[in-house]
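Chains, contacts and geometry: an overview
Each chain, written out:
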Amino acid sequence: KIGTKWYDLSDADAVKLGMRYGVADDMDANPEGDPELSSGELTFPTLTAPEIDALQQVEGAALALHRRCLLEADTLMTRRQGAALPFFLGGAGQGGSVALYTAACLLDPPPRGVALCRSSVPVAGMVGKRLTERTRRQMKLYNFYGRDDKHLPVAFPEALHKMFKLLGCDSTLDFFSD
């Protein structure tokens, strides 16, 4: 609902935001619409009002991290043309959501990688939609989730990982036991 803070949502509700994507494909060659057999591009539907609200909130938090990353990049390196930033971003829960959004949507060049731990990434489809070719090539994604997590269904990290793989990202998914 509009006006709800994304970080106040339950993990189950947060993961429902923006995890909609499809594949533009030739239905004769892939009648079941299996994304892994597809030769088409991923498509992302228009965001709903709650998804837009969540996206604005995540982006607001990500802007501060973005500014800090730019300061660190200027301090840490003499920039090589086309090189990824010489650091990783990561976080657990909401921190992972902000780290992913910052790295995928705001930083150019991207960091070397992003680690997500039990992150219920709202509007993950928007992150997928905004990934540049450069970010897909240069940034590695590390996804860590609990197989027995009572708040985050296993289907979410699997769908998130699958989306990133379909987009051509270097993404790993590891499950741990509580």
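Let me sum up the structure you'll find in this document. For every chain, the first residue of the written sequence is number 1, and numbering continues from 1 onward in sequence order. Confidence filtering applies because this is a predicted model: local features only for residues at pLDDT of at least 70, side-chain atom pairs given and counted only at 80 or more, and all residues used for totals across whole chains, interfaces and linings. To obtain the side-chain values, all non-hydrogen atoms of the structure were included, while hydrogens and water were left out.

A word on the side chain of T102. Relative to the elements of secondary structure, T102 occurs in helix 3 (residues 94–106). When residues no more than four places from it in sequence are discounted, the contact partners of T102 are A62, L65, H66, L89 and L107. Think of it this way: any DSSP run of H or I at least four residues long counts as a helix, any run of E at least two long counts as a strand, and we number them from the N terminus. Residue contacts are defined here by distance: any two heavy atoms, one from each residue, within 4.5 Å place the two residues in contact.

Right, let's talk about the pairing of strand 5 (residues 140–146) for a bit. When a residue's accessible area, from a 1.4 Å probe over protein chains only, is under 20% of the maximum for its type it is buried; when over 50% it is exposed; and in between it is partly exposed. Within strand 5, five of the seven residues are buried, which leaves the element mostly enclosed by the surrounding structure. In the sheet, strand 4 (residues 111–117) pairs with strand 5 via five bridges, with the strands oriented parallel. The residue of strand 5 that forms the bridge with G113 is K140. When DSSP finds two or more bridges between a pair of strands, those strands are recorded as paired. Here strand 5 runs beside strand 6 (residues 170–176); their pairing, made up of seven bridges, is parallel. The residue of strand 6 that forms the bridge with Y145 is F175. Each parallel crossover has a hand, and for strand 5 linked through helix 6 (residues 155–166) to strand 6 it is right-handed. When the strands point away from the viewer and the path from the first strand over the helix to the second turns clockwise, the crossover is right-handed.

Moving on, we get to the packing of aromatic side chains. For Phe, Tyr and Trp, rings pair up if their centres lie within 6.5 Å, where Trp contributes its six-membered ring, and each pair is then called stacked (planes under 30 degrees apart), edge-to-face (over 60) or tilted (otherwise). Under the definition given, this model contains two aromatic pairs. Both rings, one in F88 and one in Y142, keep their centres 6.0 Å apart while their planes meet at 45 degrees; by these two values the pair is tilted. A residue pair is termed long-range when its members are at least 10 positions apart, and F88 in strand 3 (residues 85–92) and Y142 in strand 5 qualify at 54 residues. Judged by relative accessible area, Y142 falls into the partly exposed class, the value being 23%. By the criterion adopted, a ring carries a charge over it if an Arg CZ or a Lys NZ lies within 6 Å of its centre and within 35 degrees of its normal. Its end group placed over the ring of F175, R147 keeps NZ or CZ at 4.0 Å from the ring centre.

Note that all results are geometric; they support no functional claim without further evidence.
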